[in-house]
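In case you want the letters, here they are:
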Amino acid sequence: MREQFPFFKAHPNLVYLDTAATSQKPQALLDSLQNYYINDNANVHRGLYKLAYDTTEAYESVRQQVADFLHAQSAEEIIFTHGTTDSLNLVASAFGPHAVPTGGRIVVSGAEHHSNFIPWQQLAKRQQATFVVTPVHSDGTVDVPALLAAITPGTNLVAIAQVTNVAGDTLPVAKIVKKAHDMGAFVVVDGAQAVAHMSVDVQALGADFYAFSGHKIYGPTGIGALYGRADLLAKMPPIQFGGEMISEVRDQGSTWADGPIKYEAGTPHIAGVIGMGAALHWFQENVDAAALQVEHELANQLRTALRAIPDLTVYGNDDSLATVSFNLTGIHPHDVATFLDEQQIAIRAGHHCAQPLMARLGIPATVRASFGIYNNQDDVTKLVEAVQAARRYFHGID
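Residues numbered from 1 in each chain as written. Predicted model: local features only at pLDDT ≥ 70, side-chain atom pairs only at ≥ 80, totals over all residues. Heavy atoms only, no water.

J.: If you had to explain unusual backbone geometry to someone new, which residues and values would you point to?
T.: Most of the time, phi is negative for any residue but glycine, and the peptide bond is trans. With a phi angle near 50 degrees, Gln-128 is a residue other than glycine that sits in the positive phi range. Within the secondary structure layout, Gln-128 lies in the loop between helix H5 (118-127) and strand E4 (130-134). The phi dihedral of Cys-353 falls on the positive side, at around 55 degrees, and the residue is not glycine. Positionally, Cys-353 belongs in the loop between strand E14 (348-350) and helix H13 (355-361). Classification of Cys-353 as partly exposed rests on a relative accessible area of 25%. (Helix = DSSP H or I, 4+ residues; strand = E, 2+ residues; numbered from the N terminus. Buried < 20%, exposed > 50% of the residue type's maximum accessible area, 1.4 Å probe, protein only.)

J.: Describe helix H2 (residues 27-40), with residues and values.
T.: The terminal C-alpha atoms of H2 lie 18 Å apart, and with 14 residues this matches the ideal 20 Å at 1.5 Å per residue to within 8%. Regarding H2, the residues found buried are Leu-29, Ser-32 and Tyr-36. Down the axis of H2, the smallest arc covering the buried residues is 60 degrees, so these residues share one side. Away from its buried face, by an angle of more than 90 degrees, H2 presents the exposed residues Gln-34 and Ile-38. Those residues of H2 that are buried are in contact with helix H3 (50-70) and helix H10 (270-286). (Expected span 1.5 Å × (residues − 1). Arc of directions from axis to C-beta. Contact = heavy atoms within 4.5 Å.)

J.: Quick rundown of the pairing of strand E3 (residues 105-109)? Include the residues and the values.
T.: Along E3, 5 of the 5 residues are buried, which leaves the element largely enclosed by surrounding structure. What you see with E3 is no split at all: Arg-105, Val-107 and Ser-109 on one side and Ile-106 and Val-108 on the other are buried throughout. As judged from the 5 bridges shared by E3 and E4, these two strands associate in the parallel manner. Bridge pairing in E4 places Ser-109 opposite Thr-134. (Pairing = 2+ DSSP bridges.)

J.: Before we move on, could you go through H5 and cite the residues and values that matter?
T.: Along H5, the positions that sit buried rather than exposed are Pro-119, Trp-120, Leu-123, Ala-124 and Gln-127. Down the axis of H5, the sector holding all buried residues measures 135 degrees, keeping them to one side. The elements touched by buried residues of H5 are helix H4 (84-99), E3, E4, strand E5 (157-161) and strand E6 (186-190). Note on H5: the residue one or two positions beyond its end, Gln-128, has a positive phi of about 50 degrees.

In short, shape yes, function no, at least from these values alone.
Right, here's the structure in full:
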């Protein structure tokens, strides 16, 4: 698998453990982008010549591909966006006022990424709604019973990650959706950390909206997709205006196109869409359940090895799929990350765009290692040895 990623040929000695931030790219994706710009570059939805028509067909075929990947009912339920952040802000701005009346109630978990926290916080301010942030456990995982208990009558919207980005825990989305729907609430799911590590079926989950980013699943940056139930998308007004999203424009008024292009004003990220399609095709051809199980096993091996190191706290539990966050007592995570970088190990250190979670844990940051399909046992061994060396160095142990 690793041989399909040119990055590792350029960096043969680097241990890359930051896939939760962004994945490395397979040759198949790079080839698709080069082919598009060399052979197929044309704008979509407007040209009457064959090249433009063929490019539009290729672009729209990815919409169907994403629908199939998420097990949506129709390609008409898929909107192309810049990524998960863009998708969640679109829902908050266009659907939020419809879902949450003045004085309403919004529930989020205390482990959400800022992208699935701030849009709802700001919507609550605009709607003078109650904004409920639910508790987390001491290991950073979501307290699911407390989350379910917070979804009470009068709740209008619930926003959750399917897989959290610090502890890496997987939430029982279908159970949460059922409770929310029973209370009359809509559910928005952040799938950024899920799509590359598990099969996703939005109909089985019952999600009203589901967002993910292409670069998290071995695709390009700057592109993502938003699934929304067709009946709900029909109620959402556009929030950006310009070319191709219109039906008719007159001096004193305009009408909008039907379907997802209503939310895709202007020339879209065509190469990004084509690349995301290539990445999804590569993923489905090369990554099966057994390969994903290897990722999970590597994460658990790392978690077990780190727990054996004195003065070290591990966050998350053994159900966490591909992310392991930890801290060494008395050592700032940034210092640990710098030490590891000198050992040619690339990991993330910081608050991971989850400051409300850090506040609940009483820490400024964590060190985070995250796995991709190209990682192996040797990566785990090198990281554990480097963390042990960091502890000895900073604690002055011979």
